[in-house]
Amino acid sequence: MTAPVIIADDHPLFRGALRQAVEGTWPDAEVIEVATAGAAREAAEGTAAQLLLLDIHMADSRGLSALLEFRQDFPAIPVAIVSASESPAVWQAARRLGASGFIPKSADLAAMKEALAAIGAGDLWFPEDDGGADSDLAIYDKLASLTPAQRRILGYLNQGLLNKQIAFEMDITEATVKAHLTALFRKLGAVNRTQAVLIAGKLDVDEAATDLTR
């Protein structure tokens with residue numbers, strides 16, 4: 001793998017661990033390190049990256065929303081989640097949202113390299129399924145089906161904006177906003193704004209503590 005690999009994580013020590021895993025898997029790979037989702041987006045726009053390693057908790061991102069955005073906006077770039085949140089529900093949701101892999105931050109170097117090699121070969125790499133399933137997994141399929149405009153409107157709903165305010169922010173008419181909302185509610189199976197916001201809340205994931213010194 002000679003094309004760049006983007007590492008997006010706000011912890012320098014863990015970025016270093018990921019860089020070591022990347023360079024141990026692909027010695028000739030260019031590694032781009034960033035500390036925010038916004039910087040990762042700039043890197044993805046500026047280069048034909050082969051892989052994005054994405055932490056789901058950074059200063060400008062929370063939970064799985066960033067994954068959803070990257071998969072929709074950069075569909076050609078595989079995304080592997082790296083996270084201290086190791087609940088089966090989290091990685092199952094990440095898989096449903098289009099991630100190519102899920103690397104726990106507790107993984108050792110050998111496991112990281114195994115994951116990278118599998119993803120680089122076009123395979124998926126996730127923790128072993130312990131049989132526990134999230135009964136709401138279908139919700140992530142619905143969220144993944146949203147168009148960029150619908151996703152943006154859902155974000156504004158989460159901020160509490162009214163239709164008039166959303167129309168101003170997106171430079172569209174209120175009628176267009178209402179049409180998007182109708183389609184949005186239909187896709188999510190929601191009957192109102194409150195239900196849609198509650199469904200979007202499924203993308204939020206609590207970050208667990210991780211020991212980066214071991």
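Residues numbered from 1 in each chain as written. Predicted model: local features only at pLDDT ≥ 70, side-chain atom pairs only at ≥ 80, totals over all residues. Heavy atoms only, no water.

**Considerations on the environment of Leu 198**
Here is step 1 of the chain: Looking at the element boundaries, Leu 198 is found in helix α10 (residues 193-200).
Here is step 2 of the chain: Here Leu 198 falls in the exposed class, since its relative accessible area comes to 60%.
Here is step 3 of the chain: Spatially, the C-alpha atom of Leu 198 lies 8.7 Å from that of Asn 158, the residues being 40 residues apart in sequence. (Helix = DSSP H or I, 4+ residues; strand = E, 2+ residues; numbered from the N terminus. Buried < 20%, exposed > 50% of the residue type's maximum accessible area, 1.4 Å probe, protein only.)

**Notes on the pattern of salt bridges**
Here is step 1 of the chain: Applying the stated criterion across every chain yields a total of eight salt bridges.
Here is step 2 of the chain: Where Arg 19 meets Glu 33, a salt bridge forms, and the shortest distance between an N and an O atom there is 2.5 Å. Taken together, the residues Arg 19 in helix α1 (residues 12-25) and Glu 33 in strand β2 (residues 31-34) connect sequence positions 14 residues apart.
Here is step 3 of the chain: Residues participating in the shared-partner salt-bridge network are Arg 15, Arg 19, Glu 23 and Glu 33. (Salt bridge = Lys/Arg side-chain N within 4 Å of Asp/Glu carboxyl O.)

**Topic: helix α7 (residues 148-158)**
Here is step 1 of the chain: Looking at α7, one finds that the buried residues are Gln 150, Arg 151, Ile 153, Leu 154, Tyr 156 and Leu 157.
Here is step 2 of the chain: Check the buried side of α7 and you find it contacts α3 (65-73), α6 (137-144), α8 (163-170), α9 (174-188) and α10.
Here is step 3 of the chain: Looking at the residues trailing α7, positive phi occurs at Gly 160, about 85°. (Contact = heavy atoms within 4.5 Å.)

**With respect to the packing of aromatic side chains**
Here is step 1 of the chain: Going through the model one piece at a time under the given rule, you end up with two aromatic pairs.
Here is step 2 of the chain: Consider the rings of Trp 91 and Phe 126, whose centres lie 6.1 Å apart with planes at 35°: the pair is tilted. With Trp 91 in helix α4 (residues 88-96) and Phe 126 in the loop between α5 (109-120) and α6, the pair connects residues that are 35 residues apart, well separated along the chain. Exposure class is identical for Trp 91 and Phe 126. Each is buried.
Here is step 3 of the chain: Here Arg 95 stacks its cationic end above the ring of Phe 126, 5.3 Å away from the centre of that ring.
Here is step 4 of the chain: Cation over ring: Lys 105 sits above Phe 14, and NZ or CZ is 5.0 Å from the ring centre. (Phe/Tyr/Trp six-rings, centres within 6.5 Å; stacked < 30°, edge-to-face > 60°. Lys NZ or Arg CZ within 6 Å of the ring centre and 35° of its normal.)

**Comments concerning the confidence of the model for the chain**
Here is step 1 of the chain: Overall, the predicted model of the chain reaches an average pLDDT of 86, with 91% of residues at or above 70.
Here is step 2 of the chain: Residue range residues 207-214 is modelled with pLDDT below 50. Its contacts to residues more than four positions away, or to other chains, number 13 contacts. (pLDDT = per-residue confidence, 0-100.)

**Comments concerning the environment of Trp 26**
Here is step 1 of the chain: Relative to the assigned elements, Trp 26 resides in the loop between α1 and β2.
Here is step 2 of the chain: As a C-alpha pair, Trp 26 and Glu 86 span 60 residues in sequence and 26 Å in three-dimensional space.

**Considerations on the sheet that holds strand β6 (residues 79-83)**
Here is step 1 of the chain: Overall, parallel pairing links the five strands, which are arranged β2-β1-β3-β6-β7 in an open sheet. With partners counted over all chains shown, the strands left at the sheet margins are β2 and β7 (101-104), one partner each. Pairs of neighbouring strands in the sheet enclose a mean axial angle of 20°, with direction left out of account.
Here is step 2 of the chain: Note that strand β1 (residues 5-8) and strand β3 (residues 51-55) share four bridges and pair parallel. Its bridge partner lying in β3, Ile 7 is registered against Leu 53. (Pairing = 2+ DSSP bridges. Axes fitted to C-alpha atoms, helices over the stretch in contact; angles between N-to-C directions.)

**Regarding the pairing of β3**
Here is step 1 of the chain: Counted residue by residue, β3 has five buried out of five residues, so it is predominantly covered.
Here is step 2 of the chain: Covered by surrounding structure in β3 are Leu 51, Leu 53 and Asp 55 together with Leu 52 and Leu 54, the residues of both alternating faces.
Here is step 3 of the chain: In this structure, β3 lies alongside β6, joined through four bridges in parallel fashion. Pairing of Leu 53 across the sheet is with Ala 80, part of β6.

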